[in-house]
Amino acid sequence: MNNHATSHSQVVKEQGATQMSTPTRVISFTSGKGGVGKTHSLVNTGIALAQRGRNVLLFDADLGLANIDVLLGIQVEYTLHDVFEGRKTLDEIIVEGPEGISIIPAASGVDSICNLTFQERSILLQSVEGIAGSYDYLLIDTPAGIGSDVIYFNCASNEIVCVINGEPTSLTDAYALIKVLSRKYGEKSISILVNNVASEKHAQQAYSRLSRAVNQFLHIDLRYLGWVPSDATVRDAVTDQRAVIQEYPSSKVSLAISSFADRIEEDYHRLKVKGGVQFFFQQLLDVNNYGKEYDA
Ligand SMILES: Nc1ncnc2c1ncn2[C@@H]1O[C@H](COP(=O)(O)OP(=O)(O)O)[C@@H](O)[C@H]1O
Ligand SMILES: [Mg+2]
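Nothing here was measured: the structure is a model prediction, and the numbers come from that model. Numbering of residues starts from 1 in every chain and runs along the sequence as written. Labels follow written order: the first chain is A, the first ligand is 1, and so on. Restriction of local features to residues with pLDDT of at least 70 applies here, the model being predicted, together with a cutoff of 80 or more for giving and counting side-chain atom pairs; totals for whole chains, interfaces and linings are based on all residues. The basis for the side-chain values is all heavy atoms of the structure; hydrogens and waters are excluded.

A.B. asks: Sorry, what's going on with the site of ligand 1 here?
C.D. replies: Throughout, near means a residue has at least one heavy atom within 4 Å of the molecule or strand. As a structural note, the neighbourhood of ligand 1 is formed by 15 residues, with Gly35, Lys38, Thr39, His40 and Pro229 the closest of them. Think of a polar contact as two N or O atoms within 3.5 Å of one another; within protein, one of them needs to be a possible hydrogen donor and the other a possible acceptor, and neighboring residues in sequence only count if both atoms come from side chains. Contacts to ligand 1 include Val36, whose backbone N or O atom sits 3.1 Å from an oxygen atom. Throughout, the Shrake-Rupley method with a 1.4 Å probe supplies accessible areas, and for residues the shown protein chains are the sole cover considered. Coverage of ligand 1 by the protein amounts to 79% of the 570 Å² it exposes when considered alone. Helix and strand labels come from DSSP, where a helix needs a run of H or I of at least four residues and a strand needs a run of E of at least two; each type is numbered from the N terminus. Going through the elements one at a time, helix 2 (38-51), strand 7 (189-197), strand 8 (221-229) and helix 10 (232-239) are the ones with two or more residues in the shell around ligand 1. Broken down by element, the shell around ligand 1 gets its largest block of residues, three residues, from helix 2. Per-class residue counts for the shell around ligand 1 are five nonpolar, eight polar and two charged. When residues are sorted by character, Ala, Val, Leu, Ile, Met, Phe, Trp, Tyr, Cys and Pro go into the nonpolar class, Asp, Glu, Lys and Arg into the charged class, and all the rest, Gly among them, into the polar class.

Structure (structure tokens):
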């Protein structure tokens, strides 16, 4: 699996070398509350972007609850832990997913990126320099909540997609996260994806409730990026350990994720990004400044 994955990422690297014109877009998928469909949205969006000809790298940074590999039925042999121990390079631990997407599996044995030693962070930074620029997208599956890893990954990304569903707890927890990112870390813009709702009307209602509170109390630009319906095919695909967008490409959930991916693509040349993939990992050296204090 990993040998195959290595040759895959080498191919991606070569392709990337000829496509250096646009910087890697680093987008974190985050949420205040767990279980809102963050991993499912990220994985299927990544596949949809790959179907549009993009080189996509997913980073499973939900260190406590890693599950991109489980969701896709992929056997993971090595993780970031092996990179820190010097047994493998980052390139060698990357595994291949559907439509040729690449995945950095979560680090088993590492409970927080903020607990890495300076040396481990330097190793990671050096490894990333080897793959930086090879991808059009780096999508990061952050943990839920307002812990230091969540703050770190969101602050280090170019763009933040906060996933909510219609439940009041998902809205209050999203508000708490947005508040910390805006007040303590100066984030200027966050996009919202409403997942697992019955209709677009429900999605807009959920978004309106959140944006009313945000606009009243916080100085941050909230954008409605799209919605994904509640659909039984998601559970079937999860059970089969397959991506819904591949297993049920014409289901309403797959069509919604496809248009969400189109929306992200439309932004490609429009958005001013705050840094590329190197910026993202360089923040690692300064990681202790993230998430140590908040008053949410
Ligand atoms: N649009 C949807 N329709 C139906 N079920 C969904 C949908 N999105 C997520 N789910 C269900 O919610 C579960 C949790 O999703 P997951 O992506 O693992 O959440 P998170 O990463 O936010 O914790 C999935 O296993 C799936 O059963
Ligand atoms: Mg998850």
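A.B. asks: Mind showing me how you'd approach the packing of aromatic side chains here?
C.D. replies: For any pair of aromatic rings, the description rests on two quantities: the centre-to-centre distance and the angle between the ring planes. Two rings from Phe, Tyr or Trp (for Trp, the six-membered ring) form a pair when their centres are within 6.5 Å of each other. A pair whose planes differ by under 30 degrees is stacked, one over 60 is edge-to-face, and the rest are tilted. Using the criterion set out here, one finds four aromatic pairs in the structure. An aromatic cluster is defined as three or more aromatic residues linked by ring pairs; in this entry it consists of Phe59, Tyr152 and Phe153.

A.B. asks: Looking at this structure, how should I read unusual backbone geometry?
C.D. replies: For residues other than glycine, phi is negative in most cases, and the peptide bonds are mostly trans. The residue Glu99 is not glycine, and still its phi comes out positive at about 60°. With respect to the helices, strands and loops of the structure, Glu99 is situated in the loop between strand 3 (95-96) and strand 4 (102-104). Residue burial is assigned from relative accessible area. The probe radius is 1.4 Å, only protein chains are included, and a residue is buried under 20% of its type maximum, exposed over 50%, and partly exposed in between. Judged by its relative accessible area of 41%, Glu99 is partly exposed. A positive phi is found at Gln241, a non-glycine position, where the angle reads about 55°.

A.B. asks: Explain the environment of Gly97 here, please?
C.D. replies: Residue placement: Gly97 occurs in the loop between strand 3 and strand 4. For the pair formed by Gly97 and Val56, sequence separation is 41 residues and the distance between their alpha carbons is 10.0 Å. A contact between two residues is defined here by any heavy atoms of the two lying within 4.5 Å. Beyond its immediate sequence surroundings of up to four residues, Gly97 is in contact with Ile74 and Ile103.

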